[in-house]
Amino acid sequence: MATAGSNGNFRQQRSYRDRARWAAIAVAGCAALATAASTAAPAAAATPASAARPQAVRTVVVRSLRDAGPGSLRTAITVANAVRPGSSTRMVFAVRGTIRLARALPAIHRRVTIDATSAPGYHGGGPPVVAINCRRHLGLIFGPGAGGSSLLGVAVDRASDDGVTLVARHITLNHDYIGLNLRGHPAGNRGAGVLVASDGNRIGLNPAKAVNVVANVISANAGAGIVFAGSAGNTVVSNRIGTNRAGTRALGNRGDGIDLTGGAANNEIGGTAYVNPATGQANDPTGDKGTEQPVFVVPPLGNTISGNRGNGVLINAFARDNRLNGNFIGTTGHGDRALGNARNGVRIYHAGPGNSLTGCKFVNNPFVYYNVISANHRNGVYVTSTDNVTVQGNFLGIAANNATPLGNRGDGILIGGSSANTQVGGVIPLGNVSAGNGRNGIEVTGTAHGFVTFNTFGGLAAFGGAVPNGHDGVLITSTGGDNLVRTNVMSGNTANGIELAGNASGVTVDPDIAGLNTEGNGLLPN
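A quick note: this is a predicted structure, and the numbers were derived from the prediction, not measured. (Residues numbered from 1 in each chain as written. Predicted model: local features only at pLDDT ≥ 70, side-chain atom pairs only at ≥ 80, totals over all residues. Heavy atoms only, no water.)

A.B. asks: I'd like a rundown of the packing of aromatic side chains, residues and numbers included.
C.D. replies: Evaluated as defined, the whole model comprises five aromatic pairs. Seen from their ring centres, Phe-328 and Tyr-370 are 6.1 Å apart, and the 65° between their planes marks the pair as edge-to-face. Here Phe-328 is found in strand β23 (residues 328–329), whereas its partner Tyr-370 is found in the loop between β25 (356–358) and β26 (372–373), with 42 residues between them in sequence. Residue Phe-328 shares its accessibility class with Tyr-370, and that shared class is buried. Pairwise contacts between aromatic rings join Phe-328, Phe-367, Tyr-370 and Phe-395 into one cluster. The ring of Tyr-382 is capped by Arg-347, whose NZ or CZ atom sits 3.8 Å from the centre of that ring. (Phe/Tyr/Trp six-rings, centres within 6.5 Å; stacked < 30°, edge-to-face > 60°. Helix = DSSP H or I, 4+ residues; strand = E, 2+ residues; numbered from the N terminus. Buried < 20%, exposed > 50% of the residue type's maximum accessible area, 1.4 Å probe, protein only. Lys NZ or Arg CZ within 6 Å of the ring centre and 35° of its normal.)

In structure tokens, the structure reads:
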């Protein structure tokens, strides 16, 4: 049930659902128009490169940047929509440049591959050379019947609402700009960059798990970068969301970077790869727990989600069992400089259970595919009235190099409301670093209960020196009870290592280090 404090988020959730329903209605109407148009327009107008055979993939060449007419993208979509259900069309490009729409393109309701990576002058893995300037008409809609389609190497900008809407399932977006023009300049869509109202879609590909891959750039949109509205089983890999292509400059979406809402479930943001296949080196930012020279490899499947005017990631409205791995949220693409989101790095608010931010497994070295959640203008991670959230193996308030302070302006981790069973850290190597933040490394408030912080470095680098939080390592004022502070190192902070204040009750503290280094044999005072 929506509470008074959550009404704004629930209104937003309904708005996304309404837009998805409206898109489906628009698809049905456009499908009828497309069928009529295809009856009037001969197939030759689409300049087929080869004769189509039943059940074969038909190839259509886009030869014109005009809005309509022979060889245009509009005609190619119309022809593709007219084929029998289950058939597939591949659109290749003999031209490069910007298509300026005079009216919305037909919604797509057959399986298509819009492959602008085939355009002259395109370099593999590089930025698009073909754009669709929607000129404040509707963006692209992949509707029922378009399952399995792909949009490759296209810039989609200046739509009247969402840039790309996925109603059909199993759509792939790769090598696209959503909200930028071909020069990489802001040309935002007026809604979300991508609205996902279906399951099993892939936003970004990196099958080789190579470093420095930029799958898509989704920036400068008036809404969120990506919205998952009740959708499940999607992956988001190797994207820049809210930055330029290089990940060095903010081109923020005006909303959040990513929204998971309306019961969105089992989506993976990032991935668990941590080896550079070109060198064989594995990410090891602590140097095997401080015993060797550190090795820094940006997690290849992670996303850079930075520079947005809302949160980096918002999980709300009963969204559950979503996973964040290997993302840099609030930093540049290399994790070494600040590029903060204007609100929180990750905001989890009245969500369903089971959402997680994890940076390693028990069998790994620490932090190998960490989320680095730093330099955000509010908190790193803020959880309100949500149960069973897991935060393990991440950096909060410190750069990817385990040394440079990039503090979130508030807390590294803030747990509030009636949240139950929040697990922060675990047995080695599952602990987190929460250091360099403006307020506390961790703060637990409200009636939160069942909270555990286990093996957190609060106020210092992992197995290293002081990176002070502005106040405490951990501050607990919650009256919920059954909260546990165990085997943490809370040292080097500006105020206290561990503080129980207000009417805090039911807190167990055992055994921790406060005021000493990780080994407990040298001073590192709070």
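A.B. asks: Give a description of the environment of Asn-437 that names residues and reports values.
C.D. replies: Its place among the elements puts Asn-437 in the loop between β32 (433–434) and β33 (442–444). You can call Asn-437 buried: its relative accessible area is 2%. For the pair formed by Asn-437 and Arg-409, sequence separation is 28 residues and the distance between their alpha carbons is 5.9 Å. Look past the residues within four positions of Asn-437 in its chain and what remains in contact with it is Leu-396, Gly-397, Gly-407, Asn-408, Gly-410, Asp-411, Gly-412, Pro-468, Asn-469 and Gly-470. Among the polar contacts listed, one links the side chain of Asn-437 to the side chain of Asn-408, at a separation of 3.0 Å. (Contact = heavy atoms within 4.5 Å. Polar contact = N/O pair within 3.5 Å; in protein donor to acceptor, adjacent residues only side chain to side chain.)

A.B. asks: Got a sec to walk through a positive patch on the surface? Specific residues and values, please.
C.D. replies: Taken together, the side chains of Arg-136, Arg-158, Arg-190, Arg-254 and Arg-309 present a region of like positive charge at the surface. In this structure, Arg-254 sits in the loop between β17 (240–241) and β18 (258–261). (Patch = residues over 30% accessible without salt bridge, like charges linked within 9 Å, V, L, I, M, F, W, Y side chains within 5 Å. Areas by Shrake-Rupley, 256 points an atom, 1.4 Å probe, with all protein chains shown as cover. Salt bridge = Lys/Arg side-chain N within 4 Å of Asp/Glu carboxyl O. Lys, Arg positive; Asp, Glu negative; His and termini not counted. Charge placed at Lys NZ, Arg CZ, Asp CG, Glu CD.)

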